[in-house]
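Remarks on the overall topology
This is what each chain is made of:
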Amino acid sequence: MVIRSQIIGAGGYLPARVVTNDELAKQLDTSDAWIQERTGIRQRHIAAPEETAAFMGAAAARSALREAGAGVDDVDAIVLATTTPDQAFPATAVRVQALLGMKRGFAFDVSAACSGFIYALAVADAMLRAGTARSALVIGSEVYSRILDWSDRSTAVLFGDGAGAVYLRAGKGEGLGTDRGVLSTHLHSQGELGDILYVDGAVGRRDRPGTLVMNGREVFRHAVVRLAEAVDEALLANGLDRGQVDWLVPHQANMRIIEAMRRKIALRPEQVVVTVDRHANTSAASIPLALAEAVGDGRIRSGDLVLMEALGGGLTWGSALVRL
Ligand code: ACO
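So, here is what we can say about the structure in this document. (Residues numbered from 1 in each chain as written. Predicted model: local features only at pLDDT ≥ 70, side-chain atom pairs only at ≥ 80, totals over all residues. Heavy atoms only, no water.)

With that settled, consider the overall build of the chain. Within the chain, the secondary structure is distributed over 10 helices and 13 strands. On C-alpha atoms alone, the chain measures out to a radius of gyration of 18 Å, which is about the 20 Å that the 2.2 N^0.38 rule sets for 324 residues. With respect to the principal axes defined by its C-alpha atoms, the chain has extents near 60 × 45 × 40 Å. Taking the contacts inside the chain whose residues are at least 6 apart along the sequence as the reference set, 75% of them involve residues at least 24 apart. (Helix = DSSP H or I, 4+ residues; strand = E, 2+ residues; numbered from the N terminus. Rg over C-alpha atoms; globule rule 2.2 N^0.38 Å. Contact = heavy atoms within 4.5 Å.)

And the structure:
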C-alpha cells in the first residue's frame, strides 16, 4: 500500500476584463493576424487593481474546494506558485489563507515561473506522501500584466492574468499506474539559462521594480526539446506508454509548442486541453486553469490518465503524470 495525492477538486478564476488582439494593436505595432499565427492567442484576461495574486488565488481555491465538496477545515497546507506576488512577504499563500478564513495549517509560496504549478504540485505531493500534511490546496496565481513592458510588442501580447487551484487529499494506492492520484512528478532546472527569460528587477531593488525580458526564439528552442524529454521521463517512470495517456494538459505558452508536444505523444487534437487562445500565457496558473475547465465541462473524468508539462524562466521545466 502506498499513499497517493488525489485531486479531489479543481477550480479557476479569471478577471472579468478581456483584452483582444485588436485592442492591443491600437497601442502597439502588431496585428491580430500576427499574434494568432505565431502563438494561437486571440485574447487575454487582465486584472483590475483589486484583482491581486492573493485575491485571484483565493477565488480559485474556493472554487476547487466547492468542486471537492470540502471546506477550509479540510485543508492542512497551501502551496502557491507565483512569480508575481503582491508583496515580497508575507507569502501570497498566507494572504490566501487569511482570505479563505483558514485558521489552521500552513502556507507558503513556490517560485518557478511558468513551471510553478508543476513544482508546487511536486512539493505538495511529497508532503502528503511523507505525512507532513493530509490535504493541500495547490494554487497557481499570476498577474503578469503588472510586470510586462506594455511598449514591447514581442512580450506584451503573450501573457494574461488568472489563477487556478486543485485540492489534493491523501488516499491509498497499490503503487501501480492504475492508482488514482499523482503517479510521479519530474523537476529540472538549468540556471545558466536564466538570462533568456527573466524580470530585470525586483522588490529587493528600489531603483528597479522590473519588467519581463525574453529571447523568444531561444525559449522556444529549449521548450520543444526539454518538454519532450520530460514527457518521456514521466511515462518511463511509470511503465506506461504514450498510447495510455488520455489527456495532455500542457502549460499554455504558445499553440505551436503545444502542437509539437501533441505530435510527440501522438495524441488526437481533441485529447489536448487548450486555453491559450482565450487566456494567453498565465504562467503558473495555466495548467490548473486548463484542468479546471476540462474537468468542469466533463471532458476529463475520474480514472483518466492526465499528462502535464511546463517550461519557464530559470530555465525550469518538468512534468507530472496524474490519474484523476
Ligand atoms: N507583432 C508583430 N510583429 C512582431 C511581434 C508582434 N507582437 N513580436 C515580434 N514581432 C516581429 C519581430 O520584431 C521580428 O521582426 P523582424 O524580423 O523585422 O526583426 C519578427 O516579428 C519575428 O520575430 P521573432 O521573435 O523571431 O518571432 P518568432 O517567430 O520567434 O515568434 C514568439 C515570437 C511568438 C515569442 C516565439 O518566439 C515563441 O513563441 N517563443 C516561445 C516563447 C514563449 O512562448 N514564451 C512565453 C513565456 S515562456 C513559457 O511559458 C514557455
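Near the ligand lie 23 residues; those nearest to it are T30, R38, R217, H251 and N254. At 2.6 Å from a nitrogen atom of the ligand is found a side-chain nitrogen or oxygen belonging to T30. The contact in question runs from a nitrogen atom of the ligand to an N or O atom on the side chain of W34, over 3.4 Å. Of all the secondary-structure elements, those providing two or more residues to the shell around the ligand are α2 (32-39), α6 (153-156) and α7 (216-237). For the shell around the ligand, the element with the most residues is α7, which contributes four residues. (Near = heavy atom within 4 Å. Polar contact = N/O pair within 3.5 Å; in protein donor to acceptor, adjacent residues only side chain to side chain.)

Turning our attention to the packing of aromatic side chains. In this structure the tally under the stated criterion is three aromatic pairs. Judged by centre distance (5.8 Å) and plane angle (80°), the rings of Y13 and F55 are edge-to-face. Of this pair, Y13 sits in strand β1 (residues 2-13) while F55 sits in helix α3 (residues 53-68), placing them 42 residues apart in sequence. Here F106 and F108 contribute two aromatic rings whose centre-to-centre distance is 6.3 Å and whose plane-to-plane angle is 5°, an arrangement assigned as stacked. The exposure class assigned to F106 is partly exposed, which follows from its relative accessible area of 29%. The exposure class assigned to F108 is partly exposed, which follows from its relative accessible area of 27%. (Phe/Tyr/Trp six-rings, centres within 6.5 Å; stacked < 30°, edge-to-face > 60°. Buried < 20%, exposed > 50% of the residue type's maximum accessible area, 1.4 Å probe, protein only.)

The next subject is the pairing of strand β12 (residues 305-312). Working note: regular strand, side chains alternate between the two faces of the sheet. In terms of residue burial, β12 counts as a mostly covered element, since eight of its eight residues are buried. What you see with β12 is no split at all: L305, L307, E309 and L311 on one side and V306, M308, A310 and G312 on the other are buried throughout. Of the pairings in the sheet, the one linking strand β11 (residues 247-250) to β12 comprises four bridges and is parallel in character. Along β12, the bridge assignment pairs P250 with E309. Note that β12 and strand β13 (residues 316-323) share eight bridges and pair antiparallel. For G312, the partnering residue across the bridge sits in β13 and is T316. Linking β12 to β13, which pair antiparallel, is a turn of three residues; within it G314 sits at a positive phi near 150°. (Pairing = 2+ DSSP bridges.)

All right, on to the side chain of H186 then. Residue placement: H186 occurs in strand β8 (residues 181-189). Residue classification places H186 among the buried positions, given a relative accessible area of 11%. Among the polar contacts made by the side chain of H186, one reaches the side chain of S184 at a distance of 2.7 Å. Non-local contacts of H186, meaning those with residues more than four positions away in its chain, are made with E233, A234, A237, W317, G318 and S319.

What follows is about the pattern of salt bridges. Overall, the coordinates contain 18 salt bridges when judged by the stated rule. Between E23 and R17 there is a salt bridge, and its shortest N-O distance comes to 3.3 Å. For E23, a relative accessible area of 26% gives the class partly exposed. Among the ionic pairs, R268 bridges to E270, the shortest N-O distance being 3.1 Å. Overlapping salt bridges, with partners in common, bring together R42, D277, R278, E293, D297 and R299 in one network. (Salt bridge = Lys/Arg side-chain N within 4 Å of Asp/Glu carboxyl O.)

If you look at the biggest cluster of nonpolar residues, it comprises 43 residues, and the most contacted ones within it are L212, L248, L307, L311 and L321. Elements supplying a minimum of two residues to this core: α7, α8 (255-265), β12 and β13. Take this core: its biggest share by element is eight residues, from α7. The contacts of L307, once residues within four sequence positions are left out, are V231, A234, V245, W247, L248, V249, I265, A320 and L321. Core analysis: the second largest hydrophobic core is formed by 38 residues, A136, I287, V306 and A320 among them. (Core = buried A, V, L, I, M, F, W, Y, C linked by side-chain atoms within 4.5 Å.)

The mixed open sheet is built from four strands, whose spatial order is β8-β13-β12-β11. In this open sheet, the two strands that pair with only one neighbour each are β8 and β11. Taken over all neighbouring pairs, the strand axes of this sheet differ in orientation by 15° on average, direction set aside. Each of β8, β12 and β13 touches helix α5 (residues 116-130); the most contacted strand, β8, lies at about 125° to it. (Axes fitted to C-alpha atoms, helices over the stretch in contact; angles between N-to-C directions.)

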